Amino acid sequence: MARTRNVCLVGHSGSGKTALATAILGKAGKNTEAAFDQTPEEKRRGYSIDLAIGSGKWKETSLNLLVTPGLGEFAEEIYKAAAAADLAVLVVNAEKPVEVVTEQSWTVLERMGLPCIVFVNMMDKPEVDPDRVLAQLREGLGGKFWPLQIPLQGNSGIEGLVPLIDGQPGQGKAPADMEGRIKEMRAALLEEVATFDDSLVEKVLADEEITASEVSGALQRGVASRGLTPVLWGSVATGQGLDELMDHIVGLAPTVSPEGDALVQLFSMSLDPYLGRLAYGRIRAGSVSEGDALVNLRTREKLQVRDVLMFSGTKLEKARQGGAGDIVALAKLEDVQLGDTLSSDSDAEPLPEIPFPKPVFSRAVSPKAQADEEKLSTVMRDLATTKATLSFRRDPVTKEAIVSGMGDLQLDVISERLRNRYDVELEYRVPRIPYRETIRKEASAQYRHKKQTGGRGQFGEVHLRINPLARSEGFEFADETKGGVIPQQFIPGVEKGVREALVEGILAGYPVVDVRAAVYYGQYHPVDSSELSFKLAARNAFKQAAEQADPTLLEPIMQVAVSTPEAYTGDIISDLNSRRGRILGMGAEAGRTLIRAEIPLAEVTSYALDLKSLTQGRATYQMEFERYDYVPGHIQERVIAQAKAGGDED
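Everything quoted here is computed from the prediction, not taken from an experiment.

(A) A look at the overall build of the chain. Of regular secondary structure, the chain possesses 16 helices and 32 strands. With the C-alpha coordinates aligned to their principal axes, the bounding extent of the chain is approximately 115 × 60 × 50 Å. Buried residues in the chain amount to 54% of all 650 residues. For the chain, the exposed surface amounts to about 28,700 Å²; the carbon and sulfur share of it is 46%. Measuring between centres, the 75 positive side-chain charges of the chain sit 6 Å from its 94 negative side-chain charges.

(B) Geometry of the environment of Lys 30. Assignment of secondary structure puts Lys 30 in the loop between helix 1 (17-27) and helix 2 (40-45). Spatially, the C-alpha atom of Lys 30 lies 31 Å from that of Gln 153, the residues being 123 residues apart in sequence. The residues touching Lys 30, leaving out its near neighbours within four places in the chain, are Leu 25, Ser 55, Gly 56, Ser 312 and Gly 313.

(C) Broad picture of the sheet that holds strand 5 (residues 116-121). Strand order in the open sheet formed by 7 strands is 2-3-1-4-5-9-6, and the pairing between neighbours is mixed. The open sheet is flanked by strand 2 (52-58) and strand 6 (145-147), the only strands paired with a single partner. Averaged over all adjacent pairs, the angle separating strand axes in this sheet is 30 degrees, with direction ignored. Here 4 bridges tie strand 1 (residues 3-10) to strand 4 (residues 87-93), and the two strands are oriented parallel to one another.

(D) Just the packing of helix 10 (residues 373-384) against helix 11 (residues 408-422), in detail. At a closest axis distance of 12 Å, the pairing of helix 10 and helix 11 adopts a crossing angle of 115 degrees. For the crossing formed where helix 10 meets helix 11, the hand is right-handed. Mapping the contact onto sequence places Lys 375, Leu 376, Val 379, Met 380 and Leu 383 in helix 10 and Ile 414, Leu 418 and Tyr 422 in helix 11. Of the residues that constitute the contact of helix 10 with helix 11, the class distribution is 7 nonpolar, no polar and 1 charged.

(E) Local environment of the packing of aromatic side chains. Across all of its chains, the model carries 7 aromatic pairs by this definition. For the pair Tyr 79 and Phe 356, a centre-to-centre distance of 6.4 Å together with 55 degrees between the ring planes defines the contact as tilted. With a gap of 277 residues between them, Tyr 79 in helix 3 (residues 76-84) and Phe 356 in the loop between strand 19 (341-343) and strand 20 (361-367) connect regions that are remote in the sequence. Phe 356 shares its class with Tyr 79; the two are buried. The interplanar angle of 40 degrees and the centroid separation of 5.0 Å between the aromatic rings of Trp 106 and Phe 145 together place this pair among those described as tilted. One end of the pair, Trp 106, is in helix 4 (residues 100-112); the other, Phe 145, is in strand 6, and 39 residues separate them in sequence. Phe 145 shares its class with Trp 106; the two are buried.

(F) Spotlight on the sheet that holds strand 23 (residues 426-429). Across the sheet, which stays open at both edges, the 4 strands sit in the order 21-22-20-23 with antiparallel pairing between neighbours. For this open sheet the edge positions go to strand 21 (391-394) and strand 23, each flanked by a neighbour on one side alone. Neighbouring strand axes in the sheet, compared pairwise and without regard to direction, differ in orientation by 35 degrees on average. In this sheet, strand 22 (residues 401-405) lies alongside strand 21 in antiparallel orientation, the contact comprising 4 bridges. Its bridge partner being in strand 22, Arg 394 is matched across the sheet by Ala 401.

Rules used in this analysis
- Residues numbered from 1 in each chain as written.
- Predicted model: local features only at pLDDT ≥ 70, side-chain atom pairs only at ≥ 80, totals over all residues.
- Heavy atoms only, no water.
- Helix = DSSP H or I, 4+ residues; strand = E, 2+ residues; numbered from the N terminus.
- Buried < 20%, exposed > 50% of the residue type's maximum accessible area, 1.4 Å probe, protein only.
- Areas by Shrake-Rupley, 256 points an atom, 1.4 Å probe, with all protein chains shown as cover.
- Lys, Arg positive; Asp, Glu negative; His and termini not counted.
- Charge placed at Lys NZ, Arg CZ, Asp CG, Glu CD.
- Contact = heavy atoms within 4.5 Å.
- Pairing = 2+ DSSP bridges.
- Axes fitted to C-alpha atoms, helices over the stretch in contact; angles between N-to-C directions.
- Left-handed = near helix turned anticlockwise from the far one by under 90°.
- Nonpolar A, V, L, I, M, F, W, Y, C, P; charged D, E, K, R; others polar.
- Phe/Tyr/Trp six-rings, centres within 6.5 Å; stacked < 30°, edge-to-face > 60°.

What follows is the structure, given as structure tokens:
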């Protein structure tokens, strides 16, 4: 029975991931004319944007290849691929082994606990130094990188590969002058591999003979535990090293195909122009067939499997059934999300959530044609279901439509995608800050609304007291009248009037929050009073009281966590301080420095772009709302002035 290996290819743009995947499918007998980068946006730009999947067979093993983009703003696709894979191949450029997305990919693989091997591509280039490549990998990524081969180099690049472990895939015979070095490297590798098998340690110390199968078993355990990362060499352009790479993928990838109840994790989503919304799942156990009833373990709701598709090359074909280890595309599933676990056992526990990054870069968006407003909302919400790093919402304060992603490049791609697929042209702009207003002290006011028009008039008098509440307590209304000075049927009108005044604002038209309003006295007229009269009186009473209650602006404060190589720590802290940031602490995380800070949202509307520029793209960050806090006086004056002038705040 054929085995299945799910392998993700990760690495920096230009390292050759897509070309490698295409070459592997060619060796697996698949038509390589069907490219991995199939969307119009990818074809025009010349680089990968979405996770691409292809399938073929190598010897007796089925290979599913998950090819990820090599640009940092599309790092979400690395998480998707890692969630479905048994093994990662980190593809690096022999001339530039450690680049920005090389580091990011390595960090994701560590976080996900996914075993990894390195394929050093472009070894056909002149002046490539394998020792320098290894040194840069070890220094830049901090892992235990061990070559399983020695590349034989000539004037035109790599001429052969000598395996360092007997019985391992390899080719070529080393020249006599290299025998001493090869023997030394074999001994060092064997000592390292032996640490993953106690019996091998004893044999190494006793200088006993060790079989190739014993070494392979220990090597596989080392890779599975991420205690060791094998390094392989080759060139996609010349085809050298590809057979050895595929043999090692088959030999080193952990494989578990448990029987039992169906268990599927949905790791990716897409919107297919012909098939509709597709949910891609890795079958962790059991099997899935058309017509099966599964339970979404997040919602505990039942759903029926309609269409089961699997990859042949880069094309989807109807399969009707998939087994443990397979990657399937399920069509027409309702109410599922990225990361959901589906099972035939309603009492099963869902698999751990995929730790996707959250969107950090926001822009207000509107269609160039007003007639496309409704279409924009529908399409953006559909697209957002396919991306964990994409969100779309309407801000309740500014009333702007807000799209959020990882940076300007991702939003540019979204704009292009809407134009290509839905004929919707977008305009982006920096979003307005959703300030709020509040008061700092108690105040009272009274207002009499009186209007006589010849017939029945309007009359209502309200005495109102307002007090500040603790932050985030919202609004509280109290009726403290006595003796029927305001009949009970008019009290709801008083509350409505206050609530209308809260929405209109005091200083700059922003909503007023964290206020208690109490009506404690008033007067009415037996004929001319109405709910409307008391609503208008209460609205004006509130405004007058608020003007005496030390009104002030509140701004959203964000909690920011910046992950950076240590070299940029000082520059980042200085930059955060210049943005009114408050440093909360620092720590180490996966060989990087983690800086935690609080900072006003107004200061980080373009932080994704600024941080990229400051650190050459090597730092990343996550940001989430923390609380509202007072706006400093000089900034408040500017915001109020701009609001009165009808302009947006900077």
